[in-house]
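Understanding the architecture of this molecule
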Protein chains: 4
Amino acid sequence: MYQFSERSQQLQAQLKQFMQEHIYPSEENYARQLHEATDRWAPLPLMDELKEKARAAGLWNLFIPPSLAEFADHDGLSNFDYAPLAEIMGRVLWSPEVFNCNAPDTGNMEVFMKYGTRAQQEQWLTPLLNGEIRSAYAMTEPQVACSDATNVELRIERDADEWVLNGRKWFTSNAMHTRTAVFIVMGKSDPDNPNRHQQQSQVLVPRDTPGVEITRALTTLGYDDAPLGHAEMRFDNVRVPVDNMLLGEGRGFEIAQGRLGPGRIHHCMRLIGIAERSLELACQRSVSRTTFGRTLDRHQSVREDIAKSFSEIEMARLLVLKTAARMDEVGAKGAMEMIAASKISVPIMMQQVIDRCMQLHGAGGLTEDYCMAEGFNYARWCRQADGPDQVHQMALGKMVIKRHTEQ
Amino acid sequence: MYQFSERSQQLQAQLKQFMQEHIYPSEENYARQLHEATDRWAPLPLMDELKEKARAAGLWNLFIPPSLAEFADHDGLSNFDYAPLAEIMGRVLWSPEVFNCNAPDTGNMEVFMKYGTRAQQEQWLTPLLNGEIRSAYAMTEPQVACSDATNVELRIERDADEWVLNGRKWFTSNAMHTRTAVFIVMGKSDPDNPNRHQQQSQVLVPRDTPGVEITRALTTLGYDDAPLGHAEMRFDNVRVPVDNMLLGEGRGFEIAQGRLGPGRIHHCMRLIGIAERSLELACQRSVSRTTFGRTLDRHQSVREDIAKSFSEIEMARLLVLKTAARMDEVGAKGAMEMIAASKISVPIMMQQVIDRCMQLHGAGGLTEDYCMAEGFNYARWCRQADGPDQVHQMALGKMVIKRHTEQ
Amino acid sequence: MYQFSERSQQLQAQLKQFMQEHIYPSEENYARQLHEATDRWAPLPLMDELKEKARAAGLWNLFIPPSLAEFADHDGLSNFDYAPLAEIMGRVLWSPEVFNCNAPDTGNMEVFMKYGTRAQQEQWLTPLLNGEIRSAYAMTEPQVACSDATNVELRIERDADEWVLNGRKWFTSNAMHTRTAVFIVMGKSDPDNPNRHQQQSQVLVPRDTPGVEITRALTTLGYDDAPLGHAEMRFDNVRVPVDNMLLGEGRGFEIAQGRLGPGRIHHCMRLIGIAERSLELACQRSVSRTTFGRTLDRHQSVREDIAKSFSEIEMARLLVLKTAARMDEVGAKGAMEMIAASKISVPIMMQQVIDRCMQLHGAGGLTEDYCMAEGFNYARWCRQADGPDQVHQMALGKMVIKRHTEQ
Amino acid sequence: MYQFSERSQQLQAQLKQFMQEHIYPSEENYARQLHEATDRWAPLPLMDELKEKARAAGLWNLFIPPSLAEFADHDGLSNFDYAPLAEIMGRVLWSPEVFNCNAPDTGNMEVFMKYGTRAQQEQWLTPLLNGEIRSAYAMTEPQVACSDATNVELRIERDADEWVLNGRKWFTSNAMHTRTAVFIVMGKSDPDNPNRHQQQSQVLVPRDTPGVEITRALTTLGYDDAPLGHAEMRFDNVRVPVDNMLLGEGRGFEIAQGRLGPGRIHHCMRLIGIAERSLELACQRSVSRTTFGRTLDRHQSVREDIAKSFSEIEMARLLVLKTAARMDEVGAKGAMEMIAASKISVPIMMQQVIDRCMQLHGAGGLTEDYCMAEGFNYARWCRQADGPDQVHQMALGKMVIKRHTEQ
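Rules and cut-offs
Residues numbered from 1 in each chain as written. Chains lettered and ligands numbered in written order. Predicted model: local features only at pLDDT ≥ 70, side-chain atom pairs only at ≥ 80, totals over all residues. UniProt positions renumbered as here; feature names shortened; annotations may be inferred. Least-squares fit on C-alpha atoms with pLDDT ≥ 70 in both. Contact = placed C-beta atoms within 7 Å. Core = buried A, V, L, I, M, F, W, Y, C linked by C-beta atoms within 7 Å. Buried ≥ 20, exposed ≤ 12 C-beta atoms within 10 Å, placed from the backbone. Helix = DSSP H or I, 4+ residues; strand = E, 2+ residues; numbered from the N terminus. Nonpolar A, V, L, I, M, F, W, Y, C, P; charged D, E, K, R; others polar. Axes fitted to C-alpha atoms, helices over the stretch in contact; angles between N-to-C directions. Parallel < 35°, antiparallel > 145°, perpendicular 65-115°, else oblique. Left-handed = near helix turned anticlockwise from the far one by under 90°. Expected span 1.5 Å × (residues − 1). Domains from an automatic or database assignment.

The name that an unreviewed UniProt entry assigns to chain A is Acyl-CoA dehydrogenase, with the source organism given as Pseudohalioglobus sediminis. In the Subunit (unreviewed entry) part of its UniProt record, chain A is described as follows: "Homodimer." One UniProt comment on chain A, placed under Cofactor (unreviewed entry), says "FAD".

What follows is the structure, given as structure tokens:
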């Protein structure tokens, strides 16, 4: 029914081989290095080695689309062609970073490519593309519903040649990581503007700027996502030069809009990868474990669980592929319906798939012995990331009703 | 991501227009004619008129694939290209017959095309292709689990130049219809054959053969599916000439296998059509009905229901399309995994979609005032048609486990 | 944890025996009489015989509570003590009428007992209590959301010594039945009253009053519920004497409120009965049917379905019992939270239980060969009866939030 | 419908007040002490203070049933009377220990009370009842399905006056805790005994016995349950005196059976407590958070979620109460059906309730800022604790089928 470009097919083969040779065999080692780390937020030596290998293999910055190919070592990959690659990377939760394709850096790099000045690109984009630094996107705030970006409360005020930031953020992914060098901070620079979508601006804040304070590392379902992490932060009279404004004063909302579409889809692709892997683990478990005189795979209910999971993964994958193709054709804005459909369907479906696969593993399925429990957390978390599902259901419902009731 | 052939696109446009001009405006009339009929199993005058129009418009026998195009007035449509057409027809439950594309006649015609002798084709296939007669496929039996075709108990015994049939069947669709002229009957001609798949044969039984008895019309959830109907039948020393054997003695299982794949997928396509239409009705209802001071569409829970239904329909459609494409590429046997995935996923999903849409319509949603209640019955019924979902889950689960555990 | 009164326990035993001796053995006969009836809405001879037997056995009007015991041949049964009796009756959908305990007559009798004048009681209540006539409650209207009773549009206007009714109703249960002699009709007598709850009145309309027109019999999921039926009706300048006003002008809403609580709970109790019976059928099927070399009961997924169904029935039963007990203690109004919880939980749960049990029966499970398909329809219908679940969820949600947020 | 004893009602009131005064205000402090602890497995000072207060208030060892009242400072509480107390304690995950009512110590104390010798009781039970030491129950093993206790592989061999233990265990709760002084270890002492239920024995192993090795702390969904913890362990030629045998050689299975019933029910009770509290938090959130121009509680979908959660909690609570009452009447063995029904229904239902409540809290709902995320983990974990739900569904399904098919 559909076919990936030759380039994508070739990269899929290469990537699978790389996973086989370098990533899966490193999983235990990665867990151990993280476990034994004196600083959970410091880069792991293993990650740096793997990054080098991936880059040498040409498996680097694959998320960059053709329209931004000038920034890549390759010709750019459409969302559609990138989808199966993101799925493969998703099979090991920490592996996207190996290929410099991890959230939120991919989204941040896109922001720099699309909206950054030449100087901003040199300072931040180049080392990001090289995987030398990490970045964070400080958007969500603890006190308000930031699924509506106009609710943002952090203040950005002009004082002579500087912007002064005051406010709080949380769920700032990557912010804990010691290598994270820059924050893209969303705030209100013109709160009284009658146009609610021109009140916001985004400014660049180097990590070591006085007044930037990491309050704490947040967990979701017990996971701290080290070494990237999600931070709660304070900005206390943080001053940056006026040149650190991104795109222009009052254009923060515009940037936020442009940033989110691909990100949501990338999450979905990766979730499909971890769900698919969970299913494979469940299949393997089912033939090796015996209960009540027969291997698990000979129990009808086990086969039903496997069959349902297979079907759900396939449906989720097809929905995401269609969404990706639509984005390639008409852009993220034109593909809003499909993006919303993916966002509200894929994470919860993959959560259920992983839940079944964990259950098939007995008590051990919930432990760190398998990738499933943390994958479950990732799926659960994605039902909140970029806004709770309910908000996207509201928007999608409205669009569908409109389509079917207007002449 | 995918594109239908120009021919399919053109037919979709034509078919939509035909539905608009001739089918939707006839729904009330059809219901009235059926309601007022003195014989619920007789052909409706309206149907005959519409069939003539459809044939004149070239919207006839569209289910015929390229490999059997010699039997069609057109070049044949791949499963993939036919899928959207079946979906459009599915929007009105009785409309596939208008286009001579209704179950079980489509499957039976395929049997005649693939396995019939020239004489059998002349006698039965030609009038079937012309829509002059209807046919039935007598497979399922009341006493045994016929999802396993080897369980069939009806006896077919040779006596001189005749086959003698004795046994019972039920859920023989079309059998009630007065225009149904021939039954394809599955039975055991060689019950002691050590090869369990060579014990069965299929023979052709003209409706008026002595000993053929329609015991009763069956209902599912209160619907009798008139005028096609599902019958319980007895075959009591029914005698047919030896030439009425299909394909050859002992090859009944082979025919059964070849018949089922496309049928399951056609059901899924049509179900998507009726679910899509239910969603459209729900959207329209939501803007026209006011409760507690606001139109339904302004309730968050209504939007959530619409959004979920939209997404589920889309996923079901993509799964079926991929299955159809796979069948085109590798045949029904090679596409067994995808066919099973569709069979176990689409009916239950569409049942839930229609259930939500009915609920949005209040008490009226359950009545005959809308197409939804009977559509719900169709979806529910499809979870049993061609074997209960559980049997297909078992088979699919086994295949998936095998794939992921064998070297 | 709880104990039914000795009287209730005794009646349960008697009722079970009566079901065993008279009801279960009559099921086929009942179906046949209905099937062969020239008028589907006429009383069945079998029903009249059974009613006589039930009355003779003292199993009559058991729904009457202690507070209204003056109208009963017994001392009245609390909601709690009646619950298990209603469950037992619910096992055969048509059996409650045998015991003069069927909806909507029970609710209507309660209305007469609580709000009727002596004359109204003599005319209508006495024959109702004797099971000689049937009654209908004309409340819901096709055009408006009657889950909010203030939306009612039928007009009741005073003209000299008469009330004149104009308007439409639908889902008027029992209205098709030829023995139904009286309609309790809800309408607006004072549409401009600033108090929205004093605009309505209820008047008694004898069936043969000129202008009363039965438009059609409605079906739900294909069932017409004959011989009781659900009708769509017109009231066209229907005139009744002023004495036919119930309770008093402007008190229609008050009557409606008082009527609904027990009715909802009775539905739930009966649904538990039919679900429990479906489960028993599924258990019996599971040991008698063989697929793939083993009886169904040896498949793990069958056991899981049985176990879930058992647990869900038990939870539903306990919820209803607690609701009944609460109503006995504090009245329907005080028990509003629990009544709503039952209304939104029990029908959908029982629908799922019956759906599973049908599925275990193969295609036959959807037919009239078992009580399940019609029981499924009953459960589905109860999600709309007395207002769609969503309305009750809204009300309950509001109450729960209030309780947990007010000081 | 039911009533708790006066004693239970009084204790409920006292316990609620204690929670209000001492537990809720300590939650932040508890989290901080644990977070800042140099050893996560050491007892927290706060816990010791609270235990003293609880004991002084008479809220101590409330789990002890009347039949074992000789070991309590009170007359013993039936399972039914204890249920609401366990629910109240469950509202704060760590609080049961404050009242010396936490798993697995309660189950272990019961084992000592029922099966211990006077000497064993003096050495271990007395300090356990005083809350001076903790205990662990080493049952589950990493390599085998221990939901079938006969699968246990750890070897217990007699050597002169000693038992010698060799094998592995995991999910040994409490084993990480530095105050845990004794392990009850299940193993095979007579693996060749033809009676599969007499092959096992249970022996007491003091923590400091040479050869006892804690391999690692396990997590479930990212939680380590410190300071109690779940450990993986090795027993390497661990030698204990023959007197450390519990009850008698070959009676390990018997002890295991006797231990599990109440434990499963206690988990359910506590889960209801944490779910109820999550619902209260969701209600409070709903009135204080504004999205899209209205507080959350004014969105219909929020009310539906609250209404469903309220109803599900109520059903779960009633199921558990009935199970408790049944156990009081006929013992754990006689109540097997109800215990299984609770085990397979309550954890998954409470998981869903908490999931909804988390979702209503936005991203913050998944963090450690609320009790919900860890409560979710507790519910998820209980679907595996004491055997995966599937095993109990199998057993319950079998019993129900048997009941309905035997004469």
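Resuming the write-up.
This part takes up the relation of the copies chain B and chain A. Note on the identical chains: chain B maps onto chain A by a rotation of 180° and an axial translation of 0.0 Å, with an RMSD of 0.0 Å. Such a combination of rotation and displacement between the chain copies is what one expects of a two-fold axis. When you check the interface residues of chain B against chain A, 100% turn up at the interface there too, and the contact is symmetric in its surfaces.

Below, the discussion takes up the nonpolar core. Soluble globular proteins: nonpolar side chains tend toward being buried together. Among the nonpolar cores identified, the biggest contains 523 residues, and Val320 of chain A, Val320 of chain B, Val320 of chain C together with Val320 of chain D are the most heavily contacted of them. Discounting residues that sit within four places of it in the chain, Val320 of chain C has contacts with Ala83, Ile265, Cys268, Met269, Ile272, Ser342 and Val346 of chain C.

The next subject is the interface of chain B and chain A. With 38 residues of chain B at the contact, the number on the chain A side is 38 residues. Among the secondary structure elements, those contributing two or more residues to the side of chain B that touches chain A are α8 (252-288), α9 (300-334), α10 (336-359) and α12 (389-405) of chain B. Partitioned by chemical class, the residues of the side of chain B that touches chain A number 20 nonpolar, ten polar and eight charged.

Time to look at the UniProt feature "domain: Acyl-CoA dehydrogenase/oxidase C-terminal" (unreviewed entry) in chain A. In the numbering adopted here, UniProt assigns the feature "domain: Acyl-CoA dehydrogenase/oxidase C-terminal" (unreviewed entry) to residues 250-398 of chain A. Structurally, residues 250-398 of chain A is divided into 79% helix and 3% strand, and its ends, taken at the C-alpha atoms, are 28 Å apart.

Moving on, we get to the relation of the copies chain B and chain D. Superposing chain B onto chain D takes a rotation of 180° plus a shift of 0.0 Å along the axis, which leaves an RMSD of 0.0 Å. A share of 100% of interface residues in chain B that are also interface residues in chain D marks the association as one of identical surfaces.

Residues and elements named next belong to chain A. Relative to each other, helix α8 (residues 252-288) and helix α11 (residues 372-382) sit at 150°, their axes nearing to 10 Å. Taken together, the axes of α8 and α11 are roughly antiparallel relative to one another. In the packing of α8 onto α11, the handedness of the crossing is left-handed. Packed against α8, whose contacting residues are His267, Leu271, Ile274, Ser278 and Leu281, the element α11 presents Met372, Gly375, Tyr378, Ala379 and Cys382 at the interface. Of the residues belonging to the contact of α8 with α11, the class tally is seven nonpolar, three polar and no charged.

Take helix α4 (residues 79-90) of chain C next. All names here are of chain C. Counted at 1.5 Å a residue, the expected span for α4 with its twelve residues is 16 Å, and the 15 Å between its end C-alpha atoms agrees. Among the twelve residues in α4, twelve count as buried, and that is most of the element. Looking at the buried residues of α4, the elements they touch are α1 (6-23), α7 (252-288) and α8 (300-334).

Another aspect to go through is the interface of chain B and chain D. With four residues of chain B at the contact, the number on the chain D side is four residues. Residue composition of the side of chain B that touches chain D, grouped by class: no nonpolar, three polar and one charged.

Residue and element names in this part refer to chain A. Domain boundaries assigned for chain A yield domain 1 (6-129), domain 2 (134-250) and domain 3 (254-405). Between the C-alpha centres of domain 2 and domain 3 the distance comes to 30 Å. Taken residue by residue, the interface counts ten residues in domain 2 and nine residues in domain 3. Taken together, the residues of the side of domain 2 that touches domain 3 sort by class into seven nonpolar, three polar and no charged.

When the UniProt feature table is mapped onto this chain numbering, "domain: Acyl-CoA dehydrogenase/oxidase N-terminal" (unreviewed entry) sits at residues 6-132 of chain A. Measuring from the first to the last C-alpha atom of residues 6-132 of chain A gives 30 Å, for a span that is 62% helix and 0% strand.

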